[in-house]
Amino acid sequence: MKAIGYLQAQPIDHPESLLDITLPDPQPQGRDLLVEIKAVAVNPVDVKVRRSSSAEGDAHKVIGWDASGVVKAVGDQASLFKPGDEVYYAGSIARPGTNSELHLVDERIVGRKPSNIGFAEAAALPLTAITAWEMLFERLEIGKQSDSAGPARLLVVGAAGGVGSIMLQLARKLTDAVIIGTASRQETRDWALAMGAHHVIDHRLPLHEELQRIGIDSVTHVASLTHTEKHYSSIVEALAPQGRLALIDDPSTPIDIMPLKRKSLSLHWEMMFTRSLYETADMIEQHRLLNRVAELVEEGAVRTTLKQNLGKINAENLKRAHSLIESDAAIGKIVLEGF
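How each quantity is defined
- Residues numbered from 1 in each chain as written.
- Predicted model: local features only at pLDDT ≥ 70, side-chain atom pairs only at ≥ 80, totals over all residues.
- Heavy atoms only, no water.
- Pairing = 2+ DSSP bridges.
- Helix = DSSP H or I, 4+ residues; strand = E, 2+ residues; numbered from the N terminus.
- Axes fitted to C-alpha atoms, helices over the stretch in contact; angles between N-to-C directions.
- Contact = heavy atoms within 4.5 Å.
- Salt bridge = Lys/Arg side-chain N within 4 Å of Asp/Glu carboxyl O.
- Buried < 20%, exposed > 50% of the residue type's maximum accessible area, 1.4 Å probe, protein only.
- Phe/Tyr/Trp six-rings, centres within 6.5 Å; stacked < 30°, edge-to-face > 60°.
- Lys NZ or Arg CZ within 6 Å of the ring centre and 35° of its normal.

Engineer: Explanation requested: the sheet that holds strand 9 (residues 178–182) in the structure shown.
Structural biologist: As a general point, the strands of a sheet are linked pairwise by backbone hydrogen bonds and lie either parallel or antiparallel. Read from one edge to the other, the open sheet built from six strands follows the order 10-9-8-11-12-13, with strand pairing classed as parallel. The open sheet is flanked by strand 10 (199–201) and strand 13 (266–269), the only strands paired with a single partner. Neighbour-to-neighbour, the strand axes of this sheet turn through a mean angle of 20 degrees, independent of strand direction. With three bridges connecting them, strand 9 and strand 10 associate as parallel partners. Within strand 10, the position partnered with G181 by the bridge is V200. Here helix 3 (residues 126–139) sits on the sheet and contacts strand 8 (153–157), strand 11 (219–224), strand 12 (239–247) and strand 13; the angle it forms with strand 12, its principal contact strand, is near 150 degrees.

This is the structure:
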């Protein structure tokens, strides 16, 4: 099968940072699905792993953690899907990635592809949808019902990126929260508003001051999706007593949790690979979650966050996608389609 891989972690402009290669076809076992990949999306985790993690021995490392495709075969313990089913998923960071013609994935982290969109549109959704859903409803525990203080007030830092784009939609559809996104350019501001933010503030300025500028004294929940260390003190200032902070990025400096004590604030990490990495008892929740997102897409309540389709899945186009992610200027999701 065709695949894209590498041997040594390299800068993206290195000629061997990503290579077109040929690998043996994998065979499904247990609860595996063998999926014929139709489209993939590129995420910041792809860039992070490519820059920092080399292959083991002389076997090429294949990355990629977003895909849509068609089930070709199933393992002897699989029961959720059958050959011919169209699926979408984000894979496991502990297994070879989706940048290949054929891919093995545990059926418990796979959802049925929304029937009303194409493979490219579907590939843009899984990783960010899982991350946003788990962050909102399992870490931050935002509910649809208002409490005695009124609706939740959710601040999404980095609202125009991949996770932010789907989080805004889910929060707008499934909760009654007042949603404030952050963005710095007119294009990203417009995108965040289109995705569901009620307000957009500028993250180049202190966040608590920007909130006060639009008449919001404090927020009850913060989803920090990027540059948490830069905004941390302002986030603490902006959070109401007993508020919740969740983050997904890797701060460049350690976070001091002591400032959280006075307000009894809570801190939550979200990593959507945790369930598949540890094969947790509730691993199948990601299957159910993705099926629910598929329903929301089919109802028109949630739309794909695909922003750019860079063409065929090959080393040259993947390099272009990685470069765009590294520029920190990407909006929504970047997708490649077909081999």
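Engineer: Sorry, what's going on with the pattern of salt bridges here?
Structural biologist: Where charged atoms from two side chains of opposite charge come close, those side chains can pair. Within this structure, the stated rule accounts for 23 salt bridges. A salt bridge links E107 to R31; its shortest N-O distance comes to 3.0 Å. You can see E107 sitting in the loop between strand 6 (102–106) and strand 7 (110–112) and its partner R31 sitting in the loop between strand 2 (19–22) and strand 3 (32–42), a full 76 residues away along the chain. Looking at R31, the relative accessible area reads 25%, which means it is partly exposed. When the shortest N-O distance is used, the salt bridge between E326 and R50 registers 2.9 Å. In this pair, E326 sits in helix 10 (residues 315–326) while R50 sits in helix 1 (residues 44–52), placing the two residues 276 residues apart along the sequence. A residue is classified by how much of its surface remains accessible, and R50, at 0% relative accessible area, is buried. Among the charged side chains, a salt-bridge network with shared partners connects E134, E138, R139, E270, R275 and D282.

Engineer: Looking at this model, I keep getting lost on the packing of aromatic side chains. Mind explaining?
Structural biologist: Think of a pair of aromatic rings as described by two things: how far the centres are apart, and how the planes are tilted against each other in angle. According to the stated counting rule, one finds two aromatic pairs in the structure shown. Considering the side-chain rings of W65 and F273, the 6.1 Å spacing of their centres and the 70 degrees angle between planes classify their relative orientation as edge-to-face. Of this pair, W65 sits in the loop between helix 1 and strand 4 (67–74) while F273 is found in the loop between strand 13 and helix 8 (274–278), placing the two residues 208 residues apart along the sequence. Of the two residues examined, W65 and F273, each falls in the buried class. Ring geometry for W133 against F137: centres 5.0 Å apart, planes inclined by 65 degrees, an arrangement best described as edge-to-face. Taken as a pair, W133 and F137 lie in helix 3 at a separation of four residues, close to a single helical turn. Since its relative accessible area comes to 16%, W133 is described here as buried. Looking at K113, its charged tip hangs above the ring of F119, at a distance of 5.1 Å from the centre.

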